[in-house]
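Listed below are the residues making up each chain.
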2 protein chains.
Amino acid sequence: MMMAAWMARMGIDARIVDKRSTKIFAGQADGLQCRSLEIFDSFGFADRAWKEANHMIEMCMWNPGEDGVLRRSDRVPDVPAGLSRFTQIVLHQGRIERFFLDHIKKHSKDTLRVERAVLPESLEIDDEKCDDHSADIYPIKVQLRHLSDTEAAPAQTTAQTNGQAVSDGMFRSNLADDDTDDLIKKGKENKGGSETVRAKYMVGCDGAHSWTRRQLGFQLEGEPTDFIWGVLDIVPITDFPDIRNRCAVHSASSGSLMVIPREEKLVRLYIQLTEIKPDASGRADRSKITPETIIKAAQKIIAPYSLSYEYCHWYTAYQIGQRVGTNFDYKNRVFLTGDAVHTHSPKAGQGMNVSMQDSYNLGWKLGLVVKGIAQPSILKTYQSERRRIAKDLIDFDHKFSRLFSGRPAKDVMDEEGVSMEAFKQAFVNGNMFASGLSVDYGTSMLVAKPGSSTDQGDGTDVSSTHHEKVVGRQELATNIKLGMRFPSFKVLNQSDARPWEFQEKLRSDGRFRIIVFAGNVLNAQQQSRLKVFCQHLTSSGFLAQHLHKNIALLTCHAAKRTEVELLRDFPDVLHPFDSKLGWDYDSVYVDDVSYHEGFGDAYKNYGVNRESGCVVVTRPDQYVGYVDSLDEEGYVGVEGYFKGVLA
Amino acid sequence: MMMAAWMARMGIDARIVDKRSTKIFAGQADGLQCRSLEIFDSFGFADRAWKEANHMIEMCMWNPGEDGVLRRSDRVPDVPAGLSRFTQIVLHQGRIERFFLDHIKKHSKDTLRVERAVLPESLEIDDEKCDDHSADIYPIKVQLRHLSDTEAAPAQTTAQTNGQAVSDGMFRSNLADDDTDDLIKKGKENKGGSETVRAKYMVGCDGAHSWTRRQLGFQLEGEPTDFIWGVLDIVPITDFPDIRNRCAVHSASSGSLMVIPREEKLVRLYIQLTEIKPDASGRADRSKITPETIIKAAQKIIAPYSLSYEYCHWYTAYQIGQRVGTNFDYKNRVFLTGDAVHTHSPKAGQGMNVSMQDSYNLGWKLGLVVKGIAQPSILKTYQSERRRIAKDLIDFDHKFSRLFSGRPAKDVMDEEGVSMEAFKQAFVNGNMFASGLSVDYGTSMLVAKPGSSTDQGDGTDVSSTHHEKVVGRQELATNIKLGMRFPSFKVLNQSDARPWEFQEKLRSDGRFRIIVFAGNVLNAQQQSRLKVFCQHLTSSGFLAQHLHKNIALLTCHAAKRTEVELLRDFPDVLHPFDSKLGWDYDSVYVDDVSYHEGFGDAYKNYGVNRESGCVVVTRPDQYVGYVDSLDEEGYVGVEGYFKGVLA
């Protein structure tokens, strides 16, 4: 969906196929971290998720006291304050898919749609053509098979509870076998329609059993554990006091449980199933797992509090394990994202988020290369940037899930038990990671920071080969970190005084941005620096072909708003004139006090000097590529940065 | 639309007919004041308007300087800070109708729809039945005529500009003749379908030429002026510096102009047409008014700045005049709202707002009477409350529009000219009025405040006749004013720590609310007061039949959130148990510091004592009906208030 959103937004001709016959209607992932919401906002639909979701504010920890009785030992904020304008929220995957589908429909003008009950059955790649990214070269040949809806529907149990059918999510669990080969076989036997697609690029977002990964012969490395967990989406009837907070509950000897309060009075419970063990093959017997066995396990853990339900919406179970892909791409032509290259336990609310962010990282790069705007070499930064993140995720989850599934230590001498203090620390430290905001991409042609690209990424060489390396001057914007996402503070529109989170102006429209921190434009010397800088920008033949079209300009100055006039004090390129639409009033902002929403103090928060300012380059995904001064040095650096990236 | 929204929300069987064949697609009203947004929010769709609209933050005044040259003389905030969580916004009426239509569809489950090209052609009222509000009495008989779409379409000029057709709004202008009788005649001649409707109540929201008002023989009182203004919706091409601010521009001798920046780069201009004068009949010749003549007038006013356009979206013109209806209802059976009972100039952005608020005031009263929940006598508060507001509006507009249309004074001796200082003061004072937040309904059975109901309203007697008058104790909640809307400050949900604007919890669902400011519930004495108070509420036979169903309970306490437990410290009635859904976690809030959004300091801002609290009753429209202590006196008062209102 995320990949399709980029394709729609950038006007790329694409096909999207899904072996399943419907979108998700119940269960699956539900946690949206801060960074995912920032991304949704850059596409324009974060508000829909924010409005419908449950907001997770507080996390409580429950453990046995010295008397062995369960009690609340700690409360911490679910997301540390000040990280983002969003907090973590919870909403079921079906709604999130709906927001994406609506967005894709709107921006592709209904030309891009998810073709359901369609799956690939063969893949051929012409290796010799892979390095030639010219417009008319299609190295990939895929055979697609069309299934009937019945064929594509997964086998489900007919679980019931209180006389009502319950959505059974087990068929997507890692306890279930992959049915892809069966589906292909059925399609062939029944002579379902078939077609050949020739493509320039292909992205396998096809889950832990990824068919695409299997064709490429790539591996997931890692091992499963013996820990089996069940998942229930219920409207709980309970006297447990923190049922509307996120909770980690460690019982003395019956296992652990996590409470995730959801929208519409629902609560998701992750429940350790201590009585179910993997067999000799290493996998647990899933037939024993029903809503009834799961709630019974929960009742033991949460005693002496009562817990039951009249309404169960969905259930599933999974076996904890952490695995990461050896390769994220094949010759920069076929890419793997999400569960196809990293699997782990769902309790940290990471799966959907990190997977969407894989595609968010890759989509604009593919779009710009397809359109001939960017150099094809930027494609290799996908593996370098995202495989590093996946490894960090797997390390985090390995530690966190073992702390979660372990029995609480009885005292400091109990070495087999888990120290609840260590668990709390792991949770608090993990929160920053889990917010998605600690992502820090290494140096490459897209991130002009010092050091070695192989050290800072996953080992892939993504240094700029075309010309001299440029390195940004981090000290000019100490809180706009090279390689990290551009942070947000409130600024005002110069023309109408409306306050905006500055990040809202970094839309995901496929454009890089030159962000001019113009400083004190009422100072004559600074005014003249700004003019010279802008003259340089517009007189560069290389940049001129890209300005506005592929590189947007955004300005934030630090003089008093009411003493400044847009048309008098800013060079035209910063608010360009259009013969039909007049002047552009949406590109120049100011760090000043608002009438109704306080003072963002953006320059201070960004770590930029209010007099002399600086220039920042952001990538189409809001990550910071370059920082320099508003001098010739800065202009040359900006041009150098783009010469290493754009065609 | 607003009336239909209430009918949908309260499940009332209703018909909605409109003589026009389509909804509004261009032009018409566009300003949404703070109070209208609060109302939209109570229905759940303010966010849609907020997202799409242009936000008006600053108002600038432009006048000739001593040298006669136009210059900016003042800047003021468009809405005073701290009034509301919303500011004034601008969005065209077509979108606002869309939000209402979606809401009506959703809540009526598609049973209520606007029937277009349908209009009434006769009205009969059985006077003898009017006082009997029993369920099976239908005193009203209306004959409806169905038109074809062609018949219902208004005659339009085919104005063009730059080769593109421009939407002509003149047919709705007060310079155009009413076409209702023609439409009825055409419908009869062409033998369009006809049907008889028997109704209990009828509401005429049928505009300045109101057919309903004519049938009742009621008058609009007031006089037109000689001032003619044109209106243009354009994408302006201009070097005028404040084109994205709301501006009042007084030229030395070419008339005045108002700038209203709109969504999607549009700007609405209100332009005084000094060269067009009413003829002997008192009405101007509208054939002379075209987009070209209007923009020429604007160019003269705004000189020396340039102003032109390539794209014009809509235009119209109107003659300023202020008129108010003699009667707002006929025997509490037929009601008139909006332009049918008050007309004035559009520049203060009041028309759509005050009209919607008429229906917002009436809708829930009608709904509760139809359902037999409230006493029919509450219906007469509609005229008492809203005719008073209409008169205030007309007084405001009378003064404001004359200051706006007048020539600026050359100096203090220029008595014919308008003092620009006086204009600024009128604007600033008017802002509070224009926000819609100064509405203060007089005493009645619905507003338990001291004094005379005839003095405080429009002269209608709306005192409670059924029993002893109760009077709220304003001093217990000094900023929750009896008769005014319940103000909003941030509070936290006790169960999950999520911050909410407290007003968001006063949904427009047709229910009154008892808001328990529980004070410091950790103090044993206060805890026991709260228990006794709640016991009284649940043991009253009269209240028990209405609690939760027609009277919701909402609590805000002032102890530390983390030291309080919902299930331990609050009587069950404040968070009732449901055998299928468990405990209610959405009704108890706390005035405490949030993790991410600061401290609302609600008790202080509401003027309520943090130890002893108080009880507040709000009407279904968020206006405050009653305030008292959490003692027997308060309980008796709350019961007394409801005995005067509910059946």
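About the cut-offs
Residues numbered from 1 in each chain as written. Chains lettered and ligands numbered in written order. Predicted model: local features only at pLDDT ≥ 70, side-chain atom pairs only at ≥ 80, totals over all residues. Heavy atoms only, no water. Helix = DSSP H or I, 4+ residues; strand = E, 2+ residues; numbered from the N terminus. Rg over C-alpha atoms; globule rule 2.2 N^0.38 Å. Buried < 20%, exposed > 50% of the residue type's maximum accessible area, 1.4 Å probe, protein only. Contact = heavy atoms within 4.5 Å. Areas by Shrake-Rupley, 256 points an atom, 1.4 Å probe, with all protein chains shown as cover. Phe/Tyr/Trp six-rings, centres within 6.5 Å; stacked < 30°, edge-to-face > 60°. Lys NZ or Arg CZ within 6 Å of the ring centre and 35° of its normal. Domains from an automatic or database assignment. Buried area = accessible area lost by both parts, 1.4 Å probe. Salt bridge = Lys/Arg side-chain N within 4 Å of Asp/Glu carboxyl O. Polar contact = N/O pair within 3.5 Å; in protein donor to acceptor, adjacent residues only side chain to side chain. Expected span 1.5 Å × (residues − 1). pLDDT = per-residue confidence, 0-100. Core = buried A, V, L, I, M, F, W, Y, C linked by side-chain atoms within 4.5 Å. Pairing = 2+ DSSP bridges. Axes fitted to C-alpha atoms, helices over the stretch in contact; angles between N-to-C directions.

### Brief notes about the overall build of chain A
For chain A, the count of helices and strands is 17 helices and 31 strands. At 26 Å, chain A has a C-alpha radius of gyration in line with the 26 Å of a compact globule built from 647 residues. Along the longest, intermediate and shortest principal axes, the C-alpha atoms of chain A span 75 × 65 × 45 Å. For chain A, the residues scored as buried account for 61% of the 647 residues in total. Partitioning the intrachain contacts of chain A with sequence separation of at least 6 by distance along the chain shows that 76% fall at a separation of at least 24. Surface summary for chain A: the accessible area is close to 24,800 Å², and the carbon and sulfur share equals 48%.

### As for the packing of aromatic side chains
Any two aromatic rings considered together are summarised by their centre-to-centre distance and by the angle between their planes. Here the structure, examined in full by the defined rule, presents 74 aromatic pairs over all chains. Taken together, a centroid distance of 5.1 Å and an interplanar angle of 70° make the contact between F45 of chain A and F100 of chain A edge-to-face. Here F45 of chain A is found in the loop between α2 (34–43) and α3 (46–52), whereas its partner F100 of chain A is found in helix α4 (residues 93–107), with 55 residues between them in sequence. Taking the centre distance of 5.9 Å and the plane angle of 75° together, the rings of F335 of chain B and Y382 of chain B count as edge-to-face. Within this pair, whereas F335 of chain B is found in strand β21 (residues 334–336), its partner Y382 of chain B is found in helix α10 (residues 381–405), the two being separated by 47 residues in sequence. Considered together, F335 of chain B and Y382 of chain B belong to a single accessibility category, that of buried residues. Grouping aromatic residues by their ring pairs yields a cluster made of W6, F40, F43, F45, F99, F100 and Y360 of chain A. The positively charged end of K505 of chain B is found above the aromatic ring belonging to W500 of chain B, 3.5 Å away from the centroid.

### With respect to the domain arrangement of chain A
All names here are of chain A. Looking at the assigned domains, one finds that chain A contains domain 1 (1–53 + 91–158 + 166–222 + 323–405) and domain 2 (465–644). Computed from C-alpha atoms alone, the centre-to-centre distance between domain 1 and domain 2 is 34 Å. In this assembly, 18 residues from domain 1 lie in contact with 19 residues from domain 2. Of the roughly 1,600 Å² buried where domain 1 meets domain 2, counting both sides, 44% is carbon and sulfur surface. On the domain 1 side of the contact with domain 2, R35, W364 and Q375 bury the most area, a combined 31% of that side's loss. Residues R485 and E38 are paired through a salt bridge, measuring 2.6 Å at the closest nitrogen-oxygen approach. At the surface where domain 1 touches domain 2, the tally comes to eleven residue pairs in polar contact (both at pLDDT 80 or more). Listed by contribution, the elements that provide at least two residues to the side of domain 1 that touches domain 2 are α1 (2–10), α2 and α9 (351–370).

### Quick look at α10 of chain B
Compared with the 36 Å implied by 1.5 Å per residue over 25 residues, the 36 Å span of α10 of chain B between its first and last C-alpha is a close match. Of all the 25 residues making up α10 of chain B, 18 are buried; the element is thus mostly covered by neighbouring parts of the structure.

### As for the confidence of the model for chain A
Residues at a pLDDT of 70 or more form 98% of chain A, whose mean pLDDT is 92. The complex model carries a pTM of 0.94, and its ipTM stands at 0.93.

### A few points about the side chain of S251 of chain B
Residues and elements named next belong to chain B. Relative to the helices and strands, S251 resides in the loop between β16 (246–250) and β17 (256–261). Its relative accessible area of 7% is what places S251 among the buried residues. A polar contact of 2.8 Å, which involves the side chain of S251, links it to the backbone nitrogen of S254. With sequence-adjacent residues up to four places away left out, S251 is seen in contact with P64, I301 and P408.

### Brief notes about the nonpolar core
Residues and elements named next belong to chain A. If you look at the biggest cluster of nonpolar residues, it comprises 169 residues, and the most contacted ones within it are I514, F517 and F642. Examining the composition of this core, we find that nine residues originate from one element, α9, more than from any other. Contact partners of F517, with chain neighbours within four places excluded, come to I480, F486, F502, C556, Y603, Y606, V608, S612, G613, C614, V616 and L630.

### Structural notes on the sheet that holds strand β13 (residues 194–199) of chain A
All names here are of chain A. Within the open sheet, the three strands sit side by side as β8-β9-β13. Their pairing is antiparallel. Two strands close off the open sheet at either side, each with one partner strand: β8 (118–125) and β13. Between one strand axis and the next, the sheet turns by 25° as a mean value, whatever way the strands run. Both β8 and strand β9 (residues 140–146) contribute to a ladder of seven bridges, which runs antiparallel. When the bridges of β9 are listed, V118 appears paired with H146. In the packing of helix α6 (residues 180–189) onto the sheet, the strands contacted are β8 and β9, and the crossing angle to β8 comes to about 95°.

### Here's the deal with the pairing of β16 of chain B
All names here are of chain B. Most of β16 sits inside the fold, with five of its five residues counted as buried. Both faces of β16 are covered, namely the face carrying R246, A248 and H250 and the face carrying C247 and V249. Pairing between strand β4 (residues 58–64) and β16: four bridges, direction parallel. Bridge pairing in β16 places M59 opposite R246. Here four bridges tie β16 to β17, and the two strands are oriented antiparallel to one another. Bridging from a neighbouring strand, C247 pairs with V259 of β17. Here β16 hands over to β17 after five residues, with G255 in that stretch at a positive phi of 95°.

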